[in-house]
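Coordinate analysis (summary)
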Amino acid sequence: MNKMQAAKHEHWSSGFTFLLAAVGSAVGLGNIWRFPYVVAENGGGAFVLIYLAIVVVFGIPLLMSELMIGRKSQKPPLDAMRSFKVSKAQRLWDAVGWSYLLVPMGILTFYSVVAGWTLDYAIGMGIGTFNDLKEGESAQIFADLQASPAKLIFWMTLSVGITVGIVARGLKSGLEQTVKILMPALFAILVILVLYASITGDFVRSFSFMFTPDFSKITPELVLMAAGQAFFSLSLGSGAIMVYGSYLTKDISIPKMAVGVAFADTFVALLAGFAIFPIVFAFGVDHAAGPGLVFVTLPIVFNDMGGIGQVFGLLFFLLLAFAAVTSTISLLEPMVAQLSESGKIKRPRAAIYAGAAFWFVGIFVALSNNILAEVYPLGFIPLFAGMNIEGLINFLAANVFMVLNGMLVAIFVGWAVKRSVTLEEMGLGDSVIFKIWFALVRFVVPVGVSLIFLDVAFGIFQ
Ligand code: PFF
């Protein structure tokens, strides 16, 4: 039998399409669902301030590092980490390459479940499920969804199907086409919602809530929460940015792209706050309602608005669903690129196999909301006590390996790769900006992120 030809490594049509895709990856449930409630739970302005600092000091340098590894190697993550032929510890860097393939698959298992909720809510809003809500009914609808294995699995499967369908079509006709349609739509919906919220809601209070820091609220825990949120929100440590970077051509400036992604992601997170807080404050509902802020509190607010509320509700959940899809495709891409470029399987099949693998695990994650809620697979190990399947995968993928990956990549770029290689790839010359970036990835990021990692994983500061 003839050996199959390895798939050719494609390129983005332009720097702008890369930006749409990378911002699409970064902007997701993390910005619109998670950021507002984490801000609310962590005292508002103080959290936002620390978050912004972390994006600048850790986020941008790491985005640049991951983009550089991808672009220089022109290969998917595992091959990319191998291609630099560094003199020491190649085994370790191989392991990091594997981790850049597996972490996104782990994230997909729980991300797709929440993406499924957004589909359920978007359709529910469209057909009027949330009209005429009675006291307590919104919480009940959310609880019923969580309690139903069939519903959770159905919506999760739909989300997986959409993701696989897009990734199977490849870079140009799959990913690019999707982000070209969904990203402008996402932005337009967000602007409409922010305008509406700031005209009808309590904009002034929201502004001071998000931008007046109460310095007494800054604690090590808050810094850690902000760091975790920033990593997740910028899609760091999980293959997406690295593989998207590998589709960049040499004429595009990595530092500019990194700053663009960080800026747009942060801007959208703040806009999401301005879409949600003004109406939440104006309607006097609990703004620190945790994960239920979007799925329980907002339907109540939309309902109280009367007829127009249904339109805004539909727009809001469509926004969430679009944001989720442009992130899930970036999470599946690293594994699919790696499989299809290895020359053993074609892309559509690679997408189906990889999709089936995380869909299967996703079923157990979905069931962790109900029938498997009390099953603790590694409960006998103190560190993992009290973590059910969803909790465990979430903790390992998002808190441990994602952060660890980021730290190791900083060490790789700062210490293992030749300085002349990074110097050339960054295109900044031996300038002050290059030197600052290099010092950040050599010293500040590894030390800072190790502290975060030790705390998140082992709770040393708690
Ligand atoms: N950045 C996405 C969000 O904020 O929802 C989540 C994410 C996407 C994380 C892609 C990691 C990744 F590789």
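The structure presented is a predicted model; accordingly, all values stated were derived computationally and were not measured. (Residues numbered from 1 in each chain as written. Predicted model: local features only at pLDDT ≥ 70, side-chain atom pairs only at ≥ 80, totals over all residues.)

Regarding the overall build of the chain
The criterion, for reference: Under the DSSP-based scheme used, a helix requires at least four consecutive residues in state H or I and a strand at least two consecutive residues in state E, with every element numbered from the N terminus. Here exposure depends only on C-beta density: within 10 Å of a residue's C-beta, 20 or more other C-beta atoms make it buried, 12 or fewer make it exposed, and intermediate numbers make it partly exposed, the C-beta atoms being placed from the backbone. Residue pairs are scored as contacts if the distance between their C-beta atoms, which are placed from the backbone, is within 7 Å.
Broken down by element type, the chain carries 18 helices and zero strands. Taking the principal axes of its C-alpha atoms as reference, the chain extends roughly 65 × 55 × 50 Å. The buried share among the 462 residues of the chain stands at 52%. Restricting the contact set of the chain to residue pairs at least 6 apart, pairs at least 24 apart contribute 84%.

Some words on the packing of helix α9 (residues 203-211) against helix α12 (residues 254-282)
Heads up, the condition is: A fitted line through C-alpha atoms serves as each axis, taken over the contacting stretch for helices, and the angle formed by two N-to-C directions is quoted from 0 to 180°. Each angle receives one of four descriptions, namely roughly parallel if under 35 degrees, roughly antiparallel if over 145, roughly perpendicular if within 65 to 115, and oblique otherwise. Handedness of each helix crossing follows the sense of rotation of the near helix against the far helix: counterclockwise by less than a right angle gives left-handed, clockwise gives right-handed. In this count, Pro and Cys sit with the nonpolar residues alongside Ala, Val, Leu, Ile, Met, Phe, Trp and Tyr, while Asp, Glu, Lys and Arg are called charged and the others, Gly among them, polar.
Here α9 crosses α12 at 130 degrees, and the two axes come no closer than 8 Å. With respect to α12, the element α9 is oriented oblique. The element α9 and its partner α12 pack so that their crossing is right-handed. Counting all contacts with α9, which are made through Phe 203, Arg 205, Ser 206, Phe 209 and Met 210, the residues of α12 involved are Leu 270, Gly 273, Phe 274, Phe 277, Pro 278 and Phe 281. Residue composition of the contact of α9 with α12, by class: eight nonpolar, two polar and one charged.

Quick look at the site of the ligand
How we decide: What makes a residue near a molecule or strand is its C-beta atom, placed from the backbone, lying within 6 Å of it.
In the vicinity of the ligand, 17 residues are found, and the nearest of them are Gly 28, Gly 30, Ser 235, Ser 238 and Ala 240. When grouped by side-chain class, the residues that make up the shell around the ligand number seven nonpolar, 10 polar and no charged.

A short note on the nonpolar core
Nonpolar side chains tend toward joint burial in soluble globular proteins. Test applied: In this description, a nonpolar core means buried residues of the types Ala, Val, Leu, Ile, Met, Phe, Trp, Tyr and Cys, linked to one another by C-beta atoms lying within 7 Å.
With 165 residues, the main nonpolar core has Leu 63, Leu 319 and Leu 320 as its most contacted residues. Residue contributions to this core peak at 20 residues, all from helix α14 (residues 307-341). Once residues within four sequence positions are removed from consideration, Leu 319 is found in contact with Ile 32, Leu 186, Ile 189 and Leu 190.

Observations regarding the confidence of the model for the chain
We count it as follows: The predictor reports its confidence for every residue as pLDDT, a score running from 0 up to 100.
Summary statistics for the chain give a mean pLDDT of 93 and a share of 98% for residues scoring 70 or more. This complex was scored by the predictor with a pTM of 0.95 and an ipTM of 0.99.

Focus: helix α8 (residues 170-200)
Rules: Take the residue count of a helix, subtract one, and multiply by 1.5 Å to get its expected span. What is called the bend at a residue is the angle between a pair of axes, fitted to the seven residues leading up to and ending at it and to the seven starting from it.
Under the 1.5 Å per step criterion, the end-to-end length of α8 is 43 Å for 31 residues, consistent within 8% with the ideal 45 Å. Along its length, α8 reaches its greatest deviation from straightness, about 25 degrees, at Glu 176.

Regarding the environment of Val 96
Summarising the element assignment, Val 96 is placed in helix α5 (residues 90-127). Val 96 gets classed as buried once you count the C-beta atoms within 10 Å, which come to 24. Note: C-alpha distance between Val 96 and Asn 405 (309 residues apart in sequence) is 6.5 Å. Excluding residues that lie within four positions of it along the chain, Val 96 makes contacts with Met 81, Asn 405, Leu 408, Val 409 and Phe 412.

Focus on the environment of Glu 10
When you line up the elements, Glu 10 lands in the segment before α1 (15-26). We classify Glu 10 as partly exposed; it has 15 C-beta atoms within 10 Å. Sequence-wise, Glu 10 and Leu 171 are 161 residues apart; in three dimensions their C-alpha atoms are separated by 6.9 Å. Residues within four places of Glu 10 in sequence aside, it is in contact with Gly 170, Leu 171, Lys 172 and Tyr 247.

Here's the deal with unusual backbone geometry
In the Ramachandran plot, Gln 74 falls in the positive-phi region, its phi being about 55 degrees despite a non-glycine side chain. Looking at where Gln 74 falls in the secondary structure, it is placed in the loop between α3 (45-73) and α4 (77-83). Taking the number of C-beta atoms within 10 Å as the measure of exposure, Gln 74 has 17 and is therefore partly exposed. Residues other than glycine seldom take positive phi values, yet Ser 235 does so here, at roughly 60 degrees.

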